[in-house]
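# Chains, contacts and geometry: an overview
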Amino acid sequence: MNAAVATSVFGVFMVLTVGLGLLAVRGRGSGGGLADWSVGGRSLGPVFIWVLMAGEGYTSFSYLGAAGWGYNYGAPVLYVIAYMSCGYALGYVVGPMLWSYARRHGLVSITDMVAHRYGRPWLGAFVAVLATVCLLPYIQLQIMGMGVVVTTISYGAISLNWAYFVAFAVTTGFVVVSGLRGSAWVSVLKDVLVVGTLAFLAIYVPLHYFDGYGPFLDRIVAEKPEWLTFSGHGGSGMGGGWFVTTTFLNSLTVVIFPTTVAGYLGARSADGLRRNAVFLPFYNVLLFVPMLLGMAAIFVVPGLVGADSNLALFKLVVDALPAWAVGVVGVAAALSSIVPMAVFMLVIGTMWGRSVLGAAPRLATRQKLFSQVVVVVAGALALLLTYTVPETLVRLSLISYEGMAQLVPMVLLGLVWRRITLWGALSGLAVGAVIVCGLVFTDHDPVWGMNAGIVALAANTVVALAVSRWGPRTADPRPDEEVLARDDEDLAGPGAGAGAGPGAEEAAVSSRP
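Residues numbered from 1 in each chain as written. Predicted model: local features only at pLDDT ≥ 70, side-chain atom pairs only at ≥ 80, totals over all residues. Heavy atoms only, no water.

### What to know about the overall build of the protein chain
- Check the secondary structure of the protein chain and you find 24 helices and 0 strands.
- In terms of C-alpha radius of gyration, the protein chain reaches 23 Å, essentially the compact-globule figure of 24 Å for 513 residues.
- Counting only C-alpha atoms, the protein chain reaches 70 × 55 × 45 Å along its principal axes.
- The buried share of the protein chain, taken over its 513 residues, is 58%.
- Restricting the contact set of the protein chain to residue pairs at least 6 apart, pairs at least 24 apart contribute 85%.
- Accessible area of the protein chain: about 19000 Å², with a carbon and sulfur share of 69%.
- Taking the average place of the 27 positive charges on the side chains of the protein chain and the average place of its 25 negative ones, the gap between the two points comes to 11 Å. (Helix = DSSP H or I, 4+ residues; strand = E, 2+ residues; numbered from the N terminus. Rg over C-alpha atoms; globule rule 2.2 N^0.38 Å. Buried < 20%, exposed > 50% of the residue type's maximum accessible area, 1.4 Å probe, protein only. Contact = heavy atoms within 4.5 Å. Areas by Shrake-Rupley, 256 points an atom, 1.4 Å probe, with all protein chains shown as cover. Lys, Arg positive; Asp, Glu negative; His and termini not counted. Charge placed at Lys NZ, Arg CZ, Asp CG, Glu CD.)

Next up, the structure:
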């Protein structure tokens, strides 16, 4: 009976999710171009941009990984709140800059920006491939995360394999048709449930198991004090140096992460991005809840090891709540997988449809179709690998953030400083990628008490600057205002990229250097 109730609640909300995604494009027809599908026609208002970008912080990691880290290590998990808050602060400057640059030149992705800045379309294709390697594991991890959630809240009635397929089918069902706009609409439902369920659990679980926060925290201090200090429990090596360097590295990376950039480019105005950057850190306060509940689970369900520790929060939920409430919490967690997974798939589709498959001028008018096909292919590939060799992509996920960090000099430095050359940026990227892969895959992360990615990024930057200063240069006659980004919130009008009409941006690809 419990399984039937929880599964019914979950099923109703999944139907509602697909319906919302399809409703988002009702009345808009199918004639919109790539910009309308991939960045919402650059027309999303403050509320939609808020929930869409806030979704970056609330994935299946919030319910599974954050609680698992709290259960296993304790204090080091707070790096998530630190880097996201710092990233939002950087986004106050970077977001409007990227928004105006993309709008001025009719660009729809980070690969577009790189290709335009360095005047090399093939560079956009290269970055698309690199970014896909870093993003594909996130799709797979969201599929696996949702599978674990659905199996748990159904009391085992739904198998992992079916749960994986549901994650893929629901996400693909609306994102192919509705694009970024559909993801934004579903984000509203997701955020309502996330805020409601986490707020409820923050009050209910400590009262139910410990008679309040006071007794719970007293017990943590008395029995598990190592969970409240760096480097946490178990000799993780995640001390103060690791915390600072990881926060710094991830805050730099998150502002150029392809999914974050998609959120920037979907905004109606640069001023809306600034307002969001001010208020988004407050949203992160809720992330304390799964972290604390993960530590609470130490006393309620001790002995969880390995991947089972990620179920710490849901072990509490299933044990303490009636079946209908378990279903609602499960829906919130499932949507926290679906929404970011949709954006990951959409971003991969956009990069490939624009910068790889649709790069040739004669194919420019079919970029949206190519992008939609790639969305399905990317999701299906992640699903297939989840079934067959799940550890392959999980292994790649170890370098996802640290690998994406190596694009920071090429993108951020390149867009604000003309002297960074193509060969300098590529040389730095190559050095950084080799170092980060070498350190991570040989289990030297952290290295010297620091995040391995920051060591690679430092070498990357030094090489990029050195090669740009003393290495080969290619002539580029374009003026600085054509190549460099600036924060221009007054950009508007029918000639400013998004307003040029369906197909205009697709056709523009052939005229860009």
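### Focus: the nonpolar core
- Membership of the largest hydrophobic core comes to 158 residues, with the highest contact counts inside it found for Y63, M113, I139 and M410.
- Not counting the four nearest positions on each side in its chain, M113 is found in contact with L98, Y101, A102, L107, V261 and L265. (Core = buried A, V, L, I, M, F, W, Y, C linked by side-chain atoms within 4.5 Å.)

### Observations concerning the environment of S355
- One can find S355 in helix α16 (residues 323–356).
- Given the relative accessible area of 6%, S355 is considered buried.
- Residues S355 and L292, 63 residues apart in the sequence, show an inter-C-alpha distance of 43 Å.
- With near-sequence residues (within four places) excluded, S355 lies in contact with T111, D112, P121, G124, A125 and T350.

### Some thoughts on the packing of helix α1 (residues 2–23) against helix α9 (residues 160–210)
- Where α1 contacts α9, the two axes come as close as 7 Å, and the packing angle between them is 95°. The angle between α1 and α9 falls in the class roughly perpendicular. Every residue of α9 that contacts α1 at F10, F13, M14, L16, T17, V18, L20, G21, L22 and L23 is listed here: V166, V170, G173, F174, V177, S178, G182, W185, V186, L189 and L193.
- Its residues assigned to classes, the contact of α1 with α9 shows 16 nonpolar, 5 polar and no charged. (Axes fitted to C-alpha atoms, helices over the stretch in contact; angles between N-to-C directions. Parallel < 35°, antiparallel > 145°, perpendicular 65-115°, else oblique. Nonpolar A, V, L, I, M, F, W, Y, C, P; charged D, E, K, R; others polar.)

### Here's the deal with the packing of aromatic side chains
- If you walk through the whole model with that rule in mind, you get 18 aromatic pairs.
- Relative to Y79, the ring of W69 lies with its centre 5.5 Å away and its plane at 50°, an arrangement referred to as tilted. With W69 in helix α5 (residues 65–72) and Y79 in helix α6 (residues 79–105), this pair connects stretches of sequence that are 10 residues apart. For the pair formed by W69 and Y79, the shared burial category is buried.
- Here the aromatic rings of F210 and F216 are separated by 5.0 Å at their centres, their planes lie at 35°, and the arrangement is tilted. (Phe/Tyr/Trp six-rings, centres within 6.5 Å; stacked < 30°, edge-to-face > 60°.)

### So, the side chain of E402
- In this fold, E402 is placed in helix α19 (residues 400–404).
- The class of E402 is buried, set by a relative accessible area of 7%.
- Only 3.5 Å separates the side chain of E402 from the side chain of N451, close enough to count as a polar contact.
- Those residues in contact with E402 that lie beyond four places of it in its chain are L249, V436, V440, D445, N451, A452 and G453. (Polar contact = N/O pair within 3.5 Å; in protein donor to acceptor, adjacent residues only side chain to side chain.)

### What to know about the confidence of the model for the protein chain
- For the protein chain, the average pLDDT comes to 85, and 91% of its residues sit at 70 or higher.
- Looking over the protein chain, one finds the lowest element-wise mean pLDDT in helix α24 (residues 504–508), namely 37, and the highest in helix α22 (residues 452–470), namely 96.
- For the stretch residues 490–513, pLDDT sits under 50, and the model shows 51 contacts to residues farther than four places along the chain or on other chains. (pLDDT = per-residue confidence, 0-100.)

### Topic: unusual backbone geometry
- Omega for the peptide link from F230 to S231 comes to 10°, which places this bond in the cis form.
- Here S231 shows up in the loop between α10 (213–223) and α11 (240–254).
- Even without being a glycine, Y155 presents a positive backbone phi close to 55°.
- If you check the backbone angles, D443 has positive phi at about 60° while not being a glycine.
- In this structure D443 comes out as exposed when scored by relative accessible area, which is 63%.

### Looking at α6
- The end-to-end C-alpha separation of α6 is 36 Å, in line with the 39 Å expected for 27 residues at 1.5 Å each.
- Of all the bends found along α6, the most pronounced is centred on G91 and spans about 50°.
- Counting buried positions along α6 gives 21 out of 27 residues, so the element sits mostly inside the fold.
- Phi for G106, located one or two positions after α6, is positive at around 70°. (Expected span 1.5 Å × (residues − 1). Bend = angle between axes of the 7 residues up to and from the residue.)

### A word on a nonpolar patch on the surface
- Together, Y92, V93, V278, F279 and F282 make up a nonpolar patch on the protein surface, roughly 520 Å² of accessible area in all.
- At the level of secondary structure, the elements contributing two or more residues to the nonpolar patch comprise α6 and α13 (270–283).
- With 3 residues, α13 is the largest single contributor of residues to the nonpolar patch.
- Looking at the element boundaries, F282 is found in helix α13.
- F282 sits in the exposed class, given a relative accessible area of 60%. (Patch = residues over 30% accessible without salt bridge, like charges linked within 9 Å, V, L, I, M, F, W, Y side chains within 5 Å. Salt bridge = Lys/Arg side-chain N within 4 Å of Asp/Glu carboxyl O.)

### Looking at the side chain of S178
- Residue placement: S178 occurs in helix α9.
- You can call S178 buried: its relative accessible area is 2%.
- For S178, the side chain forms a polar contact with the main-chain oxygen of G21, separated by 3.2 Å.
- The residues touching S178, leaving out its near neighbours within four places in the chain, are G21, V25 and W37.

### Section: the packing of helix α15 (residues 312–320) against α16
- Running from N to C, α15 and α16 point in directions that differ by 155°, and their axes come no closer than 9 Å. Of the possible angle classes, the one that applies to α15 and α16 is roughly antiparallel. Residues F314, V317 and V318 of α15 form the contact with α16, whose participating residues are V326, V329, G330 and A333.
- Residue composition of the contact of α15 with α16, by class: 6 nonpolar, 1 polar and no charged.

### Focus: the environment of A475
- Mapped onto the fold, A475 is located in the loop between α22 and α23 (480–483).
- Along the chain, A475 and D36 lie 439 residues apart, while their C-alpha atoms are 35 Å from each other.

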